[in-house]
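# Chain and residue survey
Letter by letter, the chains look like this.
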Amino acid sequence: MASEDEESSRVGGEGEKTEQAETDKKRRRRKRNRNKKNAEDQEEEQALTPQLTSIENERTSQVDRTVFVEGIPYTAKPDDIREFFQQHGLEDIEDVRLPVWQDTGRLRGFGHVVFTSLTSKDKALALSGKYLQNRYLSISAANKPKEQRFEATSSEPSKKIMLKNLSYEATEEDIQVALEKYGRIVEGGVRVVRHSVGERRSKGFAYVEFESIESARKVMQQKIVIHNRQAFCDYDHGRVKGSFRTADGRYWQKEYGHTTDGRESKKQKV
């Protein structure tokens, strides 16, 4: 028969085990509550974090896939730049942006090349120092663009708008497709401003005339993206020259037979 001391010890041991089990249970409960709260806090933080728009995401992604090229021969053409990278196994070129001199239309010796993948961009960087024609190219990662804000300088609505910051590769057809969903554009109402010599490359801006002011107003309220580049709009009240030429060198006025101020040309009156 157990003594009183042994019985007391046994009861005390069982009590300690029960107390420890209860302590462990409370600890596990607190841990579950903490994990639940952390998960809720994380969800709330994500909900409160401003999300980038699809355009901003695309812009950031594009910069990461872009290289800056210097040392381009002035006699080179955009196709020569494409061919240079393609000869080194880089076929996935998304865009080539090469500024030109206004008086001659010749390349200014530098520009940006956008690839569709980071892998190709990294391979392009390794080509720095290679020769194109008689000059070696310096290739580096493109800098992230500074935040730009283009505010309309004209508050008076107009049927005509001017698009700025266009890709040099953007054609009249590209602009037509991007804007016609906001309203009817007059026949021949899209004109890219081009250099008057050489290959008549775009200067990076264009004019668009709609049939109604309401259509132009809708465009001014949108973010217009053409060739993965955001264009900026402003109302235009001046008369766009009928002497502008189309991409194939024909006079705009002769091609479409009217001017933007609504007057008929001699071609129409005959």
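See the structure shown above.
Our subject in this report is the structure included herewith. Note that the structure is a prediction, hence the values are computed from the model and not measured.

## Overview of the overall build of the protein chain
When helices and strands are tallied, the protein chain shows eight helices and eleven strands. When burial is assessed residue by residue, the protein chain has 34% of its 270 residues classed as buried. Here the contacts in the protein chain between residues at least 6 apart in sequence split such that 67% fall between residues at least 24 apart. Accessible surface computed for the protein chain: about 17500 Å², of which carbon and sulfur atoms make up 46%.

## Brief notes about the pairing of strand β2 (residues 93-97)
For a regular strand, side-chain orientation follows a simple rule: the groups alternate between the two sheet faces. A large share of β2 lies buried, amounting to four of its five residues. The pairing of β2 with strand β3 (residues 110-115) spans four bridges and is classified as antiparallel. When the sheet's bridge partners are listed, V96 is paired in β3 with V113.

## Let's talk about the sheet that holds β3
Note on sheets: strands pair through backbone hydrogen bonds, and any given pair is parallel or antiparallel. Overall, antiparallel pairing links the four strands, which are arranged β2-β3-β1-β6 in an open sheet. Each of the sheet's edge strands pairs with one partner strand only, and the pair in question is β2 and β6 (138-141). Taken over all neighbouring pairs, the strand axes of this sheet differ in orientation by 25° on average, direction set aside. In the packing of helix α3 (residues 78-87) onto the sheet, the strands contacted are β1 (66-70), β2, β3 and β6, and the crossing angle to β2 comes to about 145°.

## Overview of unusual backbone geometry
Residues apart from glycine generally show negative phi values, whereas peptide bonds are mostly found in trans. Phi angles above zero are rare outside glycine, and Q133 is one such case at about 55°. Position of Q133 relative to the elements: it lies in the loop between β4 (131-132) and β5 (135-136). If you check the backbone angles, N165 has positive phi at about 65° while not being a glycine. Looking at the element boundaries, N165 is found in the loop between β7 (160-164) and α5 (172-179).

## Structural notes on the sheet that holds strand β8 (residues 185-194)
The antiparallel open sheet is built from five strands, whose spatial order is β8-β9-β7-β11-β10. Every interior strand has two partners, whereas the edge strands, β8 and β10 (224-226), have only one. Strand-to-strand twist in this sheet, taken as the mean axis angle between neighbours without regard to direction, amounts to 30°. As paired strands, β7 and strand β11 (residues 229-236) are joined by five bridges and run antiparallel to one another. Bridge assignment links K160 to a residue of β11, and that residue is D236. In this fold α5 packs onto β7, β8, β9 (202-210) and β10, with an angle of close to 130° to the strand it touches most, β8. Lying on the sheet, helix α6 (residues 213-220) is in contact with β7, β9, β10 and β11; it crosses β11 at an angle near 140°.

## Quick word on a positive patch on the surface
A contiguous patch of positive charge, built from K25, K26, R28, R29, R30 and R32, is present on the exposed surface. Secondary-structure assignment places R28 in helix α1 (residues 4-48). Judged by its relative accessible area of 48%, R28 is partly exposed.

## Topic: the environment of E172
Among the structural elements, E172 can be located in helix α5. In this structure E172 comes out as buried when scored by relative accessible area, which is 14%. In this structure the C-alpha to C-alpha distance between E172 and Y207, which are 35 residues apart in sequence, comes to 9.6 Å. At 3.4 Å, the side chain of E172 forms a polar contact with the backbone nitrogen of V192.

## Considerations on the pattern of salt bridges
Tallied over the full model, the rule gives five salt bridges. A salt bridge links E94 to R65, with the shortest nitrogen-to-oxygen separation between them at 3.0 Å. Taken together, the positions of E94 in strand β2 and R65 in the loop between α2 (54-64) and β1 put the pair 29 residues apart, joining distant regions of the chain. Given a relative accessible area of 28%, E94 falls into the partly exposed group. The partner of R184 in a salt bridge is E211, with the nearest N and O atoms 3.4 Å apart.

## Describing the side chain of D95
By secondary structure assignment, the location of D95 is in strand β2. A polar side-chain atom of D95 sits 3.4 Å from a polar atom in the side chain of R97. Not counting the four nearest positions on each side in its chain, D95 is found in contact with R82, H112, V113, V114, S167, E169 and H227.

Analysis parameters
- Residues numbered from 1 in each chain as written.
- Predicted model: local features only at pLDDT ≥ 70, side-chain atom pairs only at ≥ 80, totals over all residues.
- Heavy atoms only, no water.
- Helix = DSSP H or I, 4+ residues; strand = E, 2+ residues; numbered from the N terminus.
- Buried < 20%, exposed > 50% of the residue type's maximum accessible area, 1.4 Å probe, protein only.
- Contact = heavy atoms within 4.5 Å.
- Areas by Shrake-Rupley, 256 points an atom, 1.4 Å probe, with all protein chains shown as cover.
- Pairing = 2+ DSSP bridges.
- Axes fitted to C-alpha atoms, helices over the stretch in contact; angles between N-to-C directions.
- Patch = residues over 30% accessible without salt bridge, like charges linked within 9 Å, V, L, I, M, F, W, Y side chains within 5 Å.
- Salt bridge = Lys/Arg side-chain N within 4 Å of Asp/Glu carboxyl O.
- Lys, Arg positive; Asp, Glu negative; His and termini not counted.
- Charge placed at Lys NZ, Arg CZ, Asp CG, Glu CD.
- Polar contact = N/O pair within 3.5 Å; in protein donor to acceptor, adjacent residues only side chain to side chain.

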